[in-house]
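Read off the chains here:
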Amino acid sequence: MLNKKMQDAFNEQINWEIFSGYLYLSMAAQFADAGMPGGQSWMTVQYKEELVHAQMMFDYVLERGGRVTLGAIAKPQAKWKDGLAMFKEALAHEEKVTARIHDLASLALELKDHATYNFLQWYIAEQVEEEATASDMVQKFTMAGEHPAGLYQLDKELAARTFMASSVTTW
Ligand SMILES: [Fe+2]
Ligand SMILES: [Fe+2]
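Residues numbered from 1 in each chain as written. Chains lettered and ligands numbered in written order. Predicted model: local features only at pLDDT ≥ 70, side-chain atom pairs only at ≥ 80, totals over all residues. Heavy atoms only, no water.

A.B. asks: Help me out: how do you make sense of helix 4 (residues 114-144) in this one?
C.D. replies: Counting along an α-helix, one turn takes 3.6 residues, and residues three or four places apart therefore face a common direction. The first and last C-alpha atoms of helix 4 sit 45 Å apart over 31 residues, in line with the 45 Å expected at 1.5 Å per residue. The largest bend in helix 4 is about 30 degrees, located at leucine 120. Taken as a whole, helix 4 has its buried residues at Thr116, Phe119, Leu120, Tyr123, Glu126, Gln127, Glu130, Ala134, Met137, Val138, Phe141 and Ala144. The positive-phi residue at the C-terminal boundary of helix 4 is glycine 145, with phi of around 55 degrees. (Helix = DSSP H or I, 4+ residues; strand = E, 2+ residues; numbered from the N terminus. Expected span 1.5 Å × (residues − 1). Bend = angle between axes of the 7 residues up to and from the residue. Buried < 20%, exposed > 50% of the residue type's maximum accessible area, 1.4 Å probe, protein only.)

Take a look at the structure:
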């Protein structure tokens, strides 16, 4: 059975994953407002992936005989200066999530909960990708600057990303 400390930490992280999704959904709205459907679509995919991250933890807590308790989701920021500002915040946010996932893994080791440590390896690898992707986007938006042609091209590139539950997890 899942240790109470581990269970509480998962419950907090479930909230963070859903908040991450909420933050990206807010960015999707901002991209829509800016007339960038590619950015809107990209952020919507990101939103869905975060919900899957939360769902996988939810399922894991239950599988280990724990109790899921949901808290309030914080209100995300609603406006950013531009796409670059959004991806800079996405990167900073993902860095915080990475630190939290590492704390969860450290707690699992401390509790000698190797099953949970193993479960968290997927998230540790996922965070490496999340940070690399956000950082790549910061670079691309920095290059595009305020050039309409560059931003138009970049928006088309963002539109190509699709959501596949199977790419998020092993279900
Ligand atoms: Fe996540
Ligand atoms: Fe994420």
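Anyway, onward from the coordinates.
A.B. asks: Teacher, can you tell me more about the packing of helix 2 (residues 37-63) against helix 3 (residues 83-110) here?
C.D. replies: Two quantities define a packed helix pair, namely the angle between the axes and the distance from one axis to the other. The N-to-C vectors of helix 2 and helix 3 enclose an angle of 10 degrees; their axes lie 14 Å apart at closest approach. In terms of orientation, helix 2 and helix 3 fall into the roughly parallel class. In this structure, helix 2 contributes Trp42, Met43, Gln46, Glu50 and Met57 to the contact, and helix 3 contributes Phe87, Glu94, Ile101 and Leu104. (Axes fitted to C-alpha atoms, helices over the stretch in contact; angles between N-to-C directions. Parallel < 35°, antiparallel > 145°, perpendicular 65-115°, else oblique. Contact = heavy atoms within 4.5 Å.)

A.B. asks: Explain the packing of aromatic side chains to me, please; I cannot follow it from the model alone.
C.D. replies: The geometry of an aromatic ring pair is captured by the separation of the ring centres together with the interplanar angle, meaning the angle of the planes. Inspection of every chain in the model, using the stated rule, returns 9 aromatic pairs. Pairing phenylalanine 10 with phenylalanine 119 gives two aromatic rings, centres 5.9 Å apart and planes at 65 degrees, and the pair type is edge-to-face. You can see phenylalanine 10 sitting in helix 1 (residues 4-33) and its partner phenylalanine 119 sitting in helix 4, a full 109 residues away along the chain. Across the pair, exposure class does not vary: phenylalanine 10 and phenylalanine 119 are buried alike. With centroids separated by 5.1 Å and ring planes inclined at 75 degrees, the aromatic side chains of tryptophan 42 and phenylalanine 87 adopt a geometry described as edge-to-face. (Phe/Tyr/Trp six-rings, centres within 6.5 Å; stacked < 30°, edge-to-face > 60°.)

A.B. asks: Help me out: how do you make sense of a nonpolar patch on the surface in this one?
C.D. replies: Together, Tyr22, Leu25 and Ile73 make up a nonpolar patch on the protein surface, roughly 230 Å² of accessible area in all. By secondary structure assignment, the location of isoleucine 73 is in the loop between helix 2 and helix 3. (Patch = residues over 30% accessible without salt bridge, like charges linked within 9 Å, V, L, I, M, F, W, Y side chains within 5 Å. Areas by Shrake-Rupley, 256 points an atom, 1.4 Å probe, with all protein chains shown as cover. Salt bridge = Lys/Arg side-chain N within 4 Å of Asp/Glu carboxyl O.)

A.B. asks: Hey, could you run me through helix 5 (residues 148-159) in this one?
C.D. replies: Here helix 5 spans 16 Å end to end across 12 residues, near enough to the 16 Å set by a 1.5 Å rise per residue. Of all the positions in helix 5, only Leu154, Asp155 and Leu158 are classed as buried. The buried residues of helix 5 occupy one face: seen down the axis, they fall within an arc of 105 degrees. The exposed set on the far side of helix 5, more than 90 degrees from its buried face, consists of Ala149 and Tyr152. Contacts made by the buried residues of helix 5 are with helix 2 and helix 4. (Arc of directions from axis to C-beta.)

A.B. asks: Explain the nonpolar core to me, please; I cannot follow it from the model alone.
C.D. replies: The tendency in soluble globular proteins is for nonpolar side chains to be buried side by side. Of all hydrophobic cores here, the largest spans 22 residues; its most connected members are Met27, Phe31, Trp42, Met43, Phe87 and Phe141. Elements that contribute at least two residues to this core include exactly helix 1, helix 2, helix 3, helix 4 and helix 5. Not counting chain neighbours up to four residues away, the residues in contact with phenylalanine 31 comprise Met36, Gly39, Gln40, Met43, Gly83, Met86, Phe87 and Phe141. One finds Met6, Ala54, Val68 and Phe119 within the second-largest nonpolar core, a separate group that totals 21 residues. (Core = buried A, V, L, I, M, F, W, Y, C linked by side-chain atoms within 4.5 Å.)

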